[in-house]
Amino acid sequence: MPHEQLHRLDLNLLLAFEALMAERSVTRAAVRMSVGQPAMSASLARLRSFFGDPLLVRDGRSLVPTLRAVELRAAFQEALDLIDSALRASRGFDPRTARRTFTLMASDYVLLFLLGPLVAALEAEAPNLRLLIRPVAVDYAEQLSRPGLDLLILPEESAELRVSSARLFTDHLVCAVDARHPEVGERLTEEQFRTLPLVSYSAGFADPIIERLFRRQGVERVPAIGTQSLVIQPLVLAGTRMMAVVPERLGRYFGSQAPLLSQASTGSQASIRLLEPPQPFEPLHLGMYWQPRADSDPGHRWLRERVLQAAAALDGEESMATMADIDKSS
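These figures come from a predicted structure and were not determined experimentally. (Residues numbered from 1 in each chain as written. Predicted model: local features only at pLDDT ≥ 70, side-chain atom pairs only at ≥ 80, totals over all residues. Heavy atoms only, no water.)

**Considering empty space enclosed by the protein**
Test applied: We place a 1 Å grid over just the protein atoms. Points where a 1.4 Å probe fits but has no way out form a cavity, open points with protein on both sides within 12 Å along at least 5 of 7 lines form a pocket, and any residue with an atom within 4 Å of a point lines it. Grid points are joined across faces, edges and corners, and a volume is the space filled by probe spheres set on the points. We count a stretch as a helix when DSSP gives it H or I for four or more residues in a row; a strand needs E for two or more, and each element gets its number in order from the N terminus. Polarity classes work like this: nonpolar for Ala, Val, Leu, Ile, Met, Phe, Trp, Tyr, Cys and Pro, charged for Asp, Glu, Lys and Arg, and polar for all others, with Gly in that last group.
Within this structure, the stated rule accounts for one cavity of 30 Å³ or more. Put simply, the largest cavity is a space of about 160 Å³. In terms of lining, the largest cavity is formed by 17 residues, of which the most central are Pro155, Tyr201, Ile209, Leu230 and Leu284. For the lining of the largest cavity, the secondary structure elements donating two or more residues are helix H5 (108–125), strand S5 (151–155), helix H8 (209–216), strand S10 (243–247) and strand S12 (284–290). With three residues, S5 is the single largest residue contributor to the lining of the largest cavity. The residue makeup of the lining of the largest cavity, split by class, is 16 nonpolar, one polar and no charged.

Written out as structure tokens, the structure is:
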């Protein structure tokens, strides 16, 4: 595309294109851009004329992008990201007055122990800040590559991402069973470790980490129950023969909370018991991931610093990564 034609393609058209691609609907794109539907239809017509391509074609009630539109979106996203980063860097960031929304993707385990306390701590420091926390999705890598997801928190063992990163904290994996399990004594035997029905967390991972760790010990396990939640696993165990492999922090939390939760709902007490596996699992390292384009964004940097501080408090020791380490990895 000759540079002399760029004056015909203003920034608003690029934003309209991104809204149309994201929403696949002229009506919803108009709402997203806070314009009327006729204005959005006119923007789509201008885009089609400029690129000589329909860009979005109707398929039933939705619009489907053409191959040309998919190619353009990748290029436009990179350009919009660079513009956005430059503008944010020039403005600076004051958490006391900033009105901004950050989107994070993390498991409910991370939300319970790390992000929940962080949100409470930020209420006074950044009263107008908004955090949106999404559950881990199968396409987390693709979502992180696009605008809209600021931080991803995952076990390092699951994340194969070539982006900026920092380690947050480490947890140990233990086995959990019902406190009154009819077969398990003070120790978990090798046979029980291999054969007790397994509750596994599988959300967002094509190859769930727990099943992968079992394989490294020469044990092939097919879960009896696959959950979309780490936090729900200890609650599933009550009154069953099943076993779960959980982060130790989570197990200890529910070991103390389960009697209260169970008594409130059923009138009887139940709890879980934590046991070391016959062969220790490798530690679970939680990492924070973001796109390098956000390195120079002062607001994004501020958020990363607060997450690192919360992780350091969680471990009761200095964080395993400093902002200098982050800069080196960027």
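**A look at the sheet that holds strand S7 (residues 173–178)**
Test applied: Paired strands are those between which DSSP finds at least two bridges. Each axis is a line fitted through C-alpha atoms, and for a helix only the stretch in contact is used; angles between axes span 0 to 180 degrees, taken between their N-to-C directions.
The strand order across the open sheet built from five strands is S9-S8-S10-S7-S11, with neighbouring strands paired in mixed fashion. Looking along the sheet, the strands with just one partner apiece sit at the ends: strand S9 (225–227) and strand S11 (272–275). Pairs of neighbouring strands in the sheet enclose a mean axial angle of 35 degrees, with direction left out of account. Where strand S8 (residues 198–201) lies against S9, three bridges are found, and the strand directions are parallel. Within S9, the residue paired with Ser200 across the bridge is Gly226.

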